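In case you want the letters, here they are:
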Protein chains: 2
Amino acid sequence: MLTDLALRCKASWEQLRIADTHTRNSALHKMADALISAKDEILSANALDLNNAEKAGLSPAMLERLTLTPARIDGMAAGMREVAAQPDPIGSMDRVDKRPNGLSIGVKRVPLGLVGVIYESRPNVTADVAALCVKSGNACLLRGGKEAILSNKSITQALCAGLEAVGLPGDCVRLVEDTSRESANDMMRLTGILDVLIPRGSASLIRAVVENSRVPVIETGAGNCHTYVDDEADLDMAASITFNAKCSRPSVCNAMETLLVSEKVAEEFLPKAKALLDTKNVELRGCEKTRAILGGGVVPAAGEDWETEYNDYILAVKVVSGLYEATAHINKYGTGHSEAIVTRNYFTAQRFIDRVDAACVYVNASTRFTDGGEFGFGAEIGISTQKLHARGPMGLRHLTSVQYVVYGEGQIR
Amino acid sequence: MLTDLALRCKASWEQLRIADTHTRNSALHKMADALISAKDEILSANALDLNNAEKAGLSPAMLERLTLTPARIDGMAAGMREVAAQPDPIGSMDRVDKRPNGLSIGVKRVPLGLVGVIYESRPNVTADVAALCVKSGNACLLRGGKEAILSNKSITQALCAGLEAVGLPGDCVRLVEDTSRESANDMMRLTGILDVLIPRGSASLIRAVVENSRVPVIETGAGNCHTYVDDEADLDMAASITFNAKCSRPSVCNAMETLLVSEKVAEEFLPKAKALLDTKNVELRGCEKTRAILGGGVVPAAGEDWETEYNDYILAVKVVSGLYEATAHINKYGTGHSEAIVTRNYFTAQRFIDRVDAACVYVNASTRFTDGGEFGFGAEIGISTQKLHARGPMGLRHLTSVQYVVYGEGQIR
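Computed from a predicted structure; not experimentally measured.

About the cut-offs
Residues numbered from 1 in each chain as written. Chains lettered and ligands numbered in written order. Predicted model: local features only at pLDDT ≥ 70, side-chain atom pairs only at ≥ 80, totals over all residues. Heavy atoms only, no water. Helix = DSSP H or I, 4+ residues; strand = E, 2+ residues; numbered from the N terminus. Buried < 20%, exposed > 50% of the residue type's maximum accessible area, 1.4 Å probe, protein only. Polar contact = N/O pair within 3.5 Å; in protein donor to acceptor, adjacent residues only side chain to side chain. Contact = heavy atoms within 4.5 Å. Pairing = 2+ DSSP bridges. Axes fitted to C-alpha atoms, helices over the stretch in contact; angles between N-to-C directions. Expected span 1.5 Å × (residues − 1). Arc of directions from axis to C-beta. Parallel < 35°, antiparallel > 145°, perpendicular 65-115°, else oblique. Left-handed = near helix turned anticlockwise from the far one by under 90°. Nonpolar A, V, L, I, M, F, W, Y, C, P; charged D, E, K, R; others polar. 1 Å grid on protein atoms, 1.4 Å probe; cavity = no way out; pocket = protein on both sides within 12 Å on 5 of 7 lines; lining within 4 Å. Points joined across faces, edges and corners; volume = space filled by probe spheres on them. Salt bridge = Lys/Arg side-chain N within 4 Å of Asp/Glu carboxyl O.

Q: Before we go on, may I ask you to explain the side chain of Ser183(B) in this structure?
A: Residues and elements named next belong to chain B. Tracing the sequence through the fold places Ser183 in helix H8 (residues 181-187). On the basis of relative accessibility, which here comes to 2%, the residue Ser183 falls in the buried class. There is a polar contact of 3.0 Å between the side chain of Ser183 and the backbone oxygen of Ser180. Every residue in contact with Ser183, bar those within four places of it in the chain, is listed here: Leu2, Arg143, Val176 and Asp178.

As structure tokens, this is what we get:
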């Protein structure tokens, strides 16, 4: 039955993929209109979801993610209009090469096809993903968490009405209504139907999809990010970046989890950093040298602290001998997400960039900037931590593939 | 044990990834030199492989693929030097954007990491893949077919000597010496160690890897390619392209397998095409209309003929009502490899390009041009028929990933 739904979704894509820019943008505006018109229905559905979730004993944080308000629905609609305003990623060719035999060969951006997304309890993801997919000419098959099923059904219904209002098939955006674990596993086996599967959510969800999917996956998310304070750093700048990278939003993947400090500046820098971190009661877990400098308030760091993404007001701290110990530590424990160095030294900065194997490498800036919006992509479908297809923040362009277009005049080989 | 080998290979990559262009190019020349120096040993090893393969009753075609000669080894070495002469795909940034907050963000090309390749009995693949990987800064783990094991060991030994001659670790190019089915399965489970796995060879090998791998895969190969002769085609050009696409090398993936002909020109065109195809004794398998025109010599086409990659002097032929039936047929039965239209009509050509969902779409040219060399990539690691990461012929650039480099002056978010 999931296969039937996916096949219908893929078949409907035939119309979406040849729809012009204007039609796809109009669809996004109609989808946004439909969300606003259906606000009462969506809020009622969400109230039922919340009621069920409370009965099931969901945590306050989970309930918060699940909650929709009139303002949040307005935000979803506004987001769709922003995506509509982005440049069309489809149809352009960066260049057309003339070959010696007279063939003109261009590489055209085309949609991927059918994009599957498995996510958790945030119902706004339904609208966000649908907007990015429709804009980039992709059909999408959405499987959200069971807690949000009634909200998601109501949202999807509105989105489909928007599509149909401009003559596109509602089947281009479809929700998997079976939220059992089996339905997620079934999605991972839609080889030849799904062109890509993107998991969004917890580390365990992502790992399960990466391990089990037979469909090509883009791995997103895990961020064990570091900041290395070099012995030639501006220590005030380093403290400011440290505080920002840890404390501005600790729950997200681009927040810093481990601070590495050159032993030459540790005695001067660590108390400076601690003074700032103390204002947010950040728990420090330090190596022996860190504890010798900062004293008993620092928890001794265990081996697992170097590999933990706390997503909380906790920071691991290690004093290192210099650049090479720092980059070796990062390449060993990091998840290849975002890594920063603070230094005044040009050569040290270049060597850090060359040696660190991560999606985003920063010199004298906070890792918190790893984000599609901050990078100028307008909207973001996730942050890839794999190397194939896309790495780092993924915008509309990363939801495309290419097609070689070859213009000839009868050439044979 | 395979895991140990792979971990060693990945660890050695740390040196290759920071090696500059000159060092990597020198390595390729030394590897080529080493192949020439070891010619006698390689030929002796190959003779033993051939001896074993004959005893095992391998087909003449398989034996031919397995055979090395002094000229073929010279060719392998020359190929390495050609790869060395290619532009370096690593380290460049297409552009660096200045963001409103003053951050400069560039996208740098970086190596993928550890590339795994599973292939069959051609020992020259060992040298070709190693050359492409070293040039693009990637370590590689090679698992060739059991028939070629002694040849592959001898070739790899020479290649490693070449790497070591410039101070790079021999571990950057490693052969999996266990050629059991189990070792291939083990490679597919090297999650987090292998950055990509590329199967090269038969359709069944590729399918097995796509279905079972937990490591990201690039699917290569299968080509059920079509040529559509439009009612406004230059029929002499159409016949020439038909003959070339089918007969210039029927065993390869970019050869045509099905000819689609508009009913308006079928009566005039089909006899013209048949006259050429008859010179190579091509077996035609036609629809009813084709048989009505060409007579009893044409075998009736069964349903499976539309989905078969013959790789032989056999051609399926179907008369269609026009462009839309042709593109629907192609999208239903094609493998998304290479598709051609022959037409004089500008609008029909554009519509064909828009509607056909394939890696390469040709107007008035033979599908046989789908090839890294013909497209100007210099060398080719395969032809991707998936949409993620790479689609169509893959050259050095497709063995790379990106890294965002962010230069700041203390920016926080």
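Q: Hey, could you run me through the sheet that holds strand S4 (residues 139-143) of chain A in this one?
A: Strand pairing in a sheet relies on backbone hydrogen bonds. The paired strands run either parallel or antiparallel. Residues and elements named next belong to chain A. Read from one edge of the open sheet, four strands run S5-S4-S3-S6, paired in parallel fashion. Here the strands that pair on one side only, and so sit at the sheet edges, are strand S5 (173-175) and strand S6 (196-199). In this sheet, adjacent strand axes meet at a mean angle of 20 degrees when their direction is disregarded. Taken strand by strand, helix H6 (residues 124-135) contacts strand S3 (114-118), S4 and S5, and its axis lies near 165 degrees from that of S4.

Q: Hey, could you run me through helix H3 (residues 39-55) of chain A in this one?
A: Quick reminder: α-helices carry 3.6 residues per turn. Residues three or four places apart thus point the same way. Residues and elements named next belong to chain A. With 17 residues, H3 extends 24 Å from end C-alpha to end C-alpha; this agrees with the ideal 24 Å at 1.5 Å per step. Where H3 is concerned, the buried positions are Lys39, Ile42, Ala45, Asn46, Asp49, Leu50 and Ala53. With its buried residues spanning 145 degrees around the axis, H3 presents them on a single face. Summarising the geometry of H3, the exposed residues directed more than 90 degrees from the buried face are Asp40, Glu54 and Lys55. Immediately downstream of H3, the backbone of Gly57 shows phi near 80 degrees, a positive value.

Q: Sorry if this is basic, but what is going on with the packing of helix H13 (residues 323-333) of chain B against helix H14 (residues 346-355) of chain B here?
A: Working note: a packed helix pair is described by the angle between its axes plus the distance between those axes. Residue and element names in this part refer to chain B. Orientation of H13 relative to H14, taken along the N-to-C sense of each, is 25 degrees, at an axis distance of 10 Å. Judged on the interaxial angle alone, H14 and H13 are roughly parallel. Judged by the twist between their axes, the crossing of H13 over H14 is right-handed. Only Thr348, Arg351, Phe352 and Arg355 of H14 make contact with H13, whose side of the interface consists of Leu323, Tyr324, Thr327, Ile330 and Asn331. Considered class by class, the residues forming the contact of H13 with H14 number four nonpolar, three polar and two charged.

Q: Got a minute to help me understand empty space enclosed by the protein in this structure?
A: Here the idea is plain: a probe the size of a water molecule rolls over the atoms and shows the empty space left. All names here are of chain A. Tallied over the full model, the rule gives one cavity of 30 Å³ or more. Of the voids in this model, the largest cavity is the one considered here, and its volume is about 30 Å³. Every residue along the wall of the largest cavity is listed here: Leu259, Leu270, Ala273, Lys274, Leu277, Leu284, Leu294, Leu315 and Val317. The set of elements that each furnish at least two residues to the lining of the largest cavity consists of helix H11 (266-278) and strand S11 (314-320). Sorting elements by how many residues they give to the lining of the largest cavity places H11 first, with four residues. Partitioning the lining of the largest cavity into residue classes produces eight nonpolar, no polar and one charged.

Q: Is there a simple way to think about the pattern of salt bridges in this case?
A: Side-chain pairs of opposite charge can arise where the charged atoms are in close proximity. Scanning the entire structure with this criterion turns up 52 salt bridges over all chains. Close ionic contact of Arg285(A) with Glu283(A) constitutes a salt bridge, the shortest N to O distance being 2.8 Å. By relative accessible area, which is 31% here, Glu283(A) ends up partly exposed. In this structure, Lys246(B) engages Glu257(B) in a salt bridge whose closest nitrogen and oxygen atoms are separated by 3.1 Å. Of the two residues, Lys246(B) is situated in helix H10 (residues 235-247) and Glu257(B) in strand S8 (residues 256-262); the sequence distance between them amounts to 11 residues. Residue Lys246(B) is classed as buried on the basis of its relative accessible area, which comes to 0%. Taken together, the shared-partner salt bridges connect Lys10(A), Asp195(A), Asp357(B), Lys387(B) and Arg391(B) into one network.

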